[in-house]
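# Observations on the model geometry
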Amino acid sequence: MIRLENLTKHYGSFVAVDDISMSVPRGLLHGFLGPNGAGKTTTLRMIAGILRPTDGRVLIGGDDVHKQPLAAKMRLGFIPDRPFVYDKLTGAEFLRFVAGLYGQEGEAIDRRIAELLEVFELTSWKDELVEAYSHGMRQKLIISSALIHRPEVIVVDEPMVGLDPKAARLLKDIFRQFVGKGGTVLMSTHTLEVAEAMCDRIAIIQHGKIVAEGTVPDLRRQHQAGDASLEELFLKLTGGAHARELAEVLGR
Amino acid sequence: MTGTTVQPSLWHVLQPKWRTVRQRLREARERGGWGRLTILVTVGGLFWLGVYGVLFRILKYFRGVEELGPLLAGKLLGLVLLAFVSILILSNVITALSSFFLAKDLDLLVSAPVDWLRLYLAKLWETVIHSSWMVALMIVPILAAFGVSYRGGLLFIPYAVLTIAPMLLLPAVVGAALTLILVNVFPARRTRDLLSIIALGAAGGVILVFRLIRPEQLARPEGFRNLLDFITVLRTPTSPFLPSEWATKAIMSFLRGSVDPMPLLLLWTTAAAFVTFGALLHRELFATGFTKAQEGAERFVRGTLWRWTVGSLLRPLPVAKREFVLKDIKLFFRDTTQWSQLILLAVLVVVYVFNIKALPLHRGEPVGFFYVNLVSFLNLGLAGFVLASIAARFIFPAVSLEGRQMWLLRSSPLDLKALLWSKYWVGTVPLLVMALLLTGITNVLLEVSSFMMVVSLATICALTFAISALALGYGALYPQFETENAAQIPTSFGGLVFMMTTVALLGAVILALSQAVYTYVRAVYEGRPVVIDARMIGWFAVAALVCAAATAIPLKVGLKRMEQFEF
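The structure displayed is predicted, hence computed values, not measured ones. (Residues numbered from 1 in each chain as written. Chains lettered and ligands numbered in written order. Predicted model: local features only at pLDDT ≥ 70, side-chain atom pairs only at ≥ 80, totals over all residues.)

Helix and strand counts for chain B come out as 20 helices and zero strands. Here the contacts in chain B between residues at least 6 apart in sequence split such that 84% fall between residues at least 24 apart. (Helix = DSSP H or I, 4+ residues; strand = E, 2+ residues; numbered from the N terminus. Contact = placed C-beta atoms within 7 Å.)

And the structure:
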């Protein structure tokens, strides 16, 4: 459903994403892990059509995001890590606006808006300007907006940041159900427990390159990690042994 | 941990701001190279030279008038400085609200062990710089003209700095104190709304009153009963308790060779006392005010009115375009800092029309046909300039303001053409209404012929389409995605280039049309029938082509640039 072919992104002389190729089939929840600055967000933003790759291409359901953007984006729902939305629109107005961007309107959309607001417990806030929303509420609103047009693919960057435990649990259930019904999710996260519990497959990116990909047992096997947790595996692959030194620094 | 903490120096608190400014300048230099800097310096230099030149001539004339000359020069300086102090108080109140209560670095500063005095002084300094830099730059050519014309010598430079510095500081202290009190009464966001309305309303009121009393009549000595009355009026201080008057006295006494230390002393002691009182007020009220500033957004907005009215009007449009236009209109009218500028705009239009009405063209005697047509024709250029200023303020920032939400627009299947289309028409339609009203009303007041009426209405329509496209195109070419305040966007380099291009466009169109209009005026003047011949049509076609190119090219270039945006 999502295919990355030799995806590369340069910022001047800095190579943020270095010749990545990856495929995420339909009906799969695929985790995308990596340390800060590894190239996760850049990759996801290229998949969402926000950034143009320096080289390579992104296909969503067979459509090239940069050559047939409208067809590819109709299938896609994108949830960014920083919830910037129009402060002077109300929650309901924002959702109606997003639906309009996908060419959808009418009673069906009104019902869909009511349904999503209800699920994310924002109904009593629907006529409030977004500027009054907390970070978590904005995040919930953006998640609702990504679901409003019933996408086939969800690309999500750090979905759990700012969500309360109840909303985080709800989101996990939504993603699982979405995948269960044949949807595809590509999710970047730093919460390794969440990734381990939720993801069917995982890719780990470092210095712009994918250093490991597969199911958690696959990764353990490939890297002879015995029955190590995903966290230990992640630290092993990304050179996180410095964590021990950190404890010493904090210990004064 | 207990005991006293070592306080950071004031410079340390201000350092991030200074480093940010330096970095921005470096980035701007890297992006635009020397070309951009050269354009900025040239335009700035020309403006300075213009102000200096005009003032120097006036002062030269004053110097030629015995006795009255220095009085007139002092009065002029007093009025200019008074205008500056009024502007400074208004801008300081608004700036202080941002720097003391809404700035992003406040969380860090307030949670750090920085004492109240350092916080106050750092934020006051920030307020002074932000709100006064433009006035400070404007004062340079003015004082230079005074200094040169009265032969103040090199010593005049440090003396002028010494005089103007407290004059800039005092409004900042007053502005900060007023804001502090207001924030304690209203929530900060409400205060911002209130302030923008009050400030712009007040500014508009001042301009309106100032214009409607026709000050040019006061400048005519023949209007006074005798010369003594006139001199008495000149001698009377305009505002004896305002720093502008003290600064005027200090400067004029220096320039006339008899330095009076009193005004300078007054300026500095008042500034010191005000900063002290301001600091004490800050100590008492800042904590509660800052807490209040965290609250208070508007609650409960239904927005059904927009859906019923504008939404119904836009029904024939595809849903994406309709929702986009609706969104833009709602955002504009819900943001007080945006729509309140319409107050000032309305006032400027009234003043504009009033000025045309006040022109001494119709005084009972047969109207000078030539002059009426000349004014009507030149009015096109002036109206075009007014429209360009409005477009710079409202249309130029349109693309920049989408910056933070571009993730949504770029990841959705919204066609960028549709986005540009919506932005273009949301800006153009009101601009067009205004253009037609402005030109139509002034033409009626001027009693122009129907030929001129048709030519000017058609021209202003074509110009509006072009100006709007230029504003949007340049806005996309020089976006300011980091600026949250829409009012700051037009003052960027892109805004300047837009204004320069628009002036060139106005010049080109007027030049082309002048050939056709000249043929017409000449025919009427000579009593010949007006023949619309191939030559005339040719010039009209040239003007139309220039406008069409100025509409299509910027939109095309803007679209291309938007396709390359990366976030």
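The structure having been displayed, the exposition proceeds.
Residues and elements named next belong to chain A. By the bridge criterion, five bridges tie strand S9 (residues 201-206) to strand S10 (residues 209-214) in an arrangement that is antiparallel. Bridged to Ile205 within S10 is Ile210. In textbook terms, the turn of a hairpin is the stretch between consecutive antiparallel strands, and for S9 and S10 this stretch comprises two residues, one of which, His207, has a positive phi near 50°. (Pairing = 2+ DSSP bridges.)

Right, let's get into the sheet that holds strand S6 (residues 76-79) of chain A. Pairing between the strands of a sheet comes from backbone hydrogen bonds, and it takes one of two forms, parallel or antiparallel. Residue and element names in this part refer to chain A. As summarised here, the arrangement of the six strands in space is S6-S7-S8-S3-S9-S10, forming an open sheet in which the pairing is mixed. Among the strands making up the open sheet, the edge pair consists of S6 and S10. Neighbour to neighbour, the strand axes of the sheet diverge by 15° on average, direction disregarded. Examined bridge by bridge, strand S3 (residues 29-33) and strand S8 (residues 184-188) share four bridges and lie parallel to one another. Paired with Gly31 across the two strands is Met187, which belongs to S8. Against the sheet, helix H1 (residues 40-47) touches S3, strand S7 (153-157), S8 and S9, its axis set at about 150° to S7. Those strands touched by helix H6 (residues 165-180) are S3, S7 and S8, and its axis lies near 145° from that of S8. (Axes fitted to C-alpha atoms, helices over the stretch in contact; angles between N-to-C directions.)

We now examine the interface of chain B and chain A. Taken residue by residue, the interface counts 28 residues in chain B and 31 residues in chain A. With eight residues, the single largest contributor to the side of chain B that touches chain A is helix H12 (residues 319-334) of chain B. Here the residues of the side of chain B that touches chain A sort into eleven nonpolar, four polar and 13 charged. (Nonpolar A, V, L, I, M, F, W, Y, C, P; charged D, E, K, R; others polar.)

Okay, the domain arrangement of chain B next. Residues and elements named next belong to chain B. Parsing chain B into structural domains produces domain 1 (48-293) and domain 2 (312-563). A C-alpha centroid distance of 34 Å is found between domain 1 and domain 2. If you look at the interface, domain 1 gives twelve residues, while domain 2 gives ten residues. For the side of domain 1 that touches domain 2, the residue count by class is six nonpolar, three polar and three charged. (Domains from an automatic or database assignment.)

A few words now on helix H3 (residues 91-101) of chain A. Within an α-helix, residues lying three or four positions from one another point in the same direction, as the helix has 3.6 residues per turn. Most of H3 of chain A is tucked away: eleven of the eleven residues are buried. Three or more residues of H3 of chain A are buried, namely Gly91, Ala92, Glu93, Phe94, Leu95, Arg96, Phe97, Val98, Ala99, Gly100 and Leu101 of chain A. Check the buried side of H3 of chain A and you find it contacts helix H4 (107-119) and helix H5 (135-147) of chain A together with H12 and helix H16 (406-411) of chain B. Gly103 of chain A lies just past H3 of chain A and shows a positive phi near 75°. (Buried ≥ 20, exposed ≤ 12 C-beta atoms within 10 Å, placed from the backbone.)

For the rest of this paragraph, the subject is the environment of Lys73 of chain A. Residue placement: Lys73 of chain A occurs in helix H2 (residues 69-74). For Lys73 of chain A, a count of 25 C-beta atoms within 10 Å gives the class buried. Distance in space between the C-alpha atoms of Lys73 of chain A and Leu235 of chain A is 35 Å, their sequence separation being 162 residues. With residues up to four places along the chain from it excluded, the contact list for Lys73 of chain A reads Gly49 of chain A together with Ser411, Ser412 and Pro413 of chain B.

Residues and elements named next belong to chain B. Per-residue confidence for chain B gives a mean pLDDT of 83; residues scoring 70 or more make up 88%. Mean pLDDT values for the elements of chain B range from 63 in helix H7 (residues 227-235) up to 93 in helix H18 (residues 450-477). Quick note on the complex model: pTM equals 0.73, ipTM equals 0.75. (pLDDT = per-residue confidence, 0-100.)

Our next topic: the sheet that holds strand S1 (residues 2-11) of chain A. Residues and elements named next belong to chain A. Spatially, four strands are ordered S2-S1-S4-S5 in an open sheet, and the strand pairing comes out antiparallel. At either end of the open sheet lies a strand with only one pairing partner, and these are strand S2 (14-24) and strand S5 (63-64). Alignment of S1 against strand S4 (residues 55-60), held across five bridges, turns out to be antiparallel. Bridge pairing in S4 links Leu4 to Val58.

All names here are of chain B. For the pair helix H2 (residues 68-102) and helix H5 (residues 156-185), the least separation of the axes is 7 Å and the interaxial angle reads 45°. The angle between the axes of H2 and H5 places the two elements in the oblique class. For H2 against H5, the interelement crossing comes out right-handed. Along its contact with H2, which presents Leu81, Val85, Leu88, Ile89, Asn92, Val93, Ala96, Leu97, Phe100 and Phe101, the element H5 presents Met167, Leu168, Pro171, Ala172, Val174, Gly175, Ala176, Leu178, Thr179 and Val183. Here the residues of the contact of H2 with H5 are counted per class, giving 17 nonpolar, three polar and no charged. (Parallel < 35°, antiparallel > 145°, perpendicular 65-115°, else oblique. Left-handed = near helix turned anticlockwise from the far one by under 90°.)

Before going further, it helps to examine the packing of helix H8 (residues 243-255) of chain B against helix H9 (residues 261-293) of chain B. A pair of packed helices is captured by two measures, namely the crossing angle of their axes and the spacing between those axes. All names here are of chain B. Look at H8 against H9: their axes get within 8 Å of each other, and the N-to-C directions meet at 145°. Helix-helix and strand crossings are classified by hand; for H8 and H9 the assignment is left-handed. Contacts between H8 and H9 pair Pro243, Trp246, Ala247, Lys249 and Ala250 from the former with Pro263, Leu264, Leu266, Leu267 and Thr270 from the latter. Here the residues of the contact of H8 with H9 are counted per class, giving eight nonpolar, one polar and one charged.

Time to look at the nonpolar core. Side chains of nonpolar character tend, in soluble globular proteins, to be buried together. Counting residues in hydrophobic clusters, the biggest one holds 138 residues, and the most contacted among them are Val155 of chain A together with Ala391, Ala471 and Leu472 of chain B. The biggest single contributor to this core is H18 of chain B, with 13 residues. Excluding residues that lie within four positions of it along the chain, Leu472 of chain B makes contacts with Ile395, Ala398, Val399, Leu420, Lys423, Tyr424, Gly427, Pro554, Leu555 and Gly558 of chain B. Core analysis: the second largest hydrophobic core is formed by 55 residues, Val93, Leu143, Tyr159 and Met167 of chain B among them. (Core = buried A, V, L, I, M, F, W, Y, C linked by C-beta atoms within 7 Å.)

Bringing H9 of chain B into the picture now. A maximum bend of about 50° is found in H9 of chain B at Leu285 of chain B. Every buried residue belonging to H9 of chain B is among Pro263, Leu264, Leu267, Phe274, Gly278, Ala279, His282, Phe286, Gly289 and Ala293 of chain B, and all of these are buried. (Bend = angle between axes of the 7 residues up to and from the residue.)

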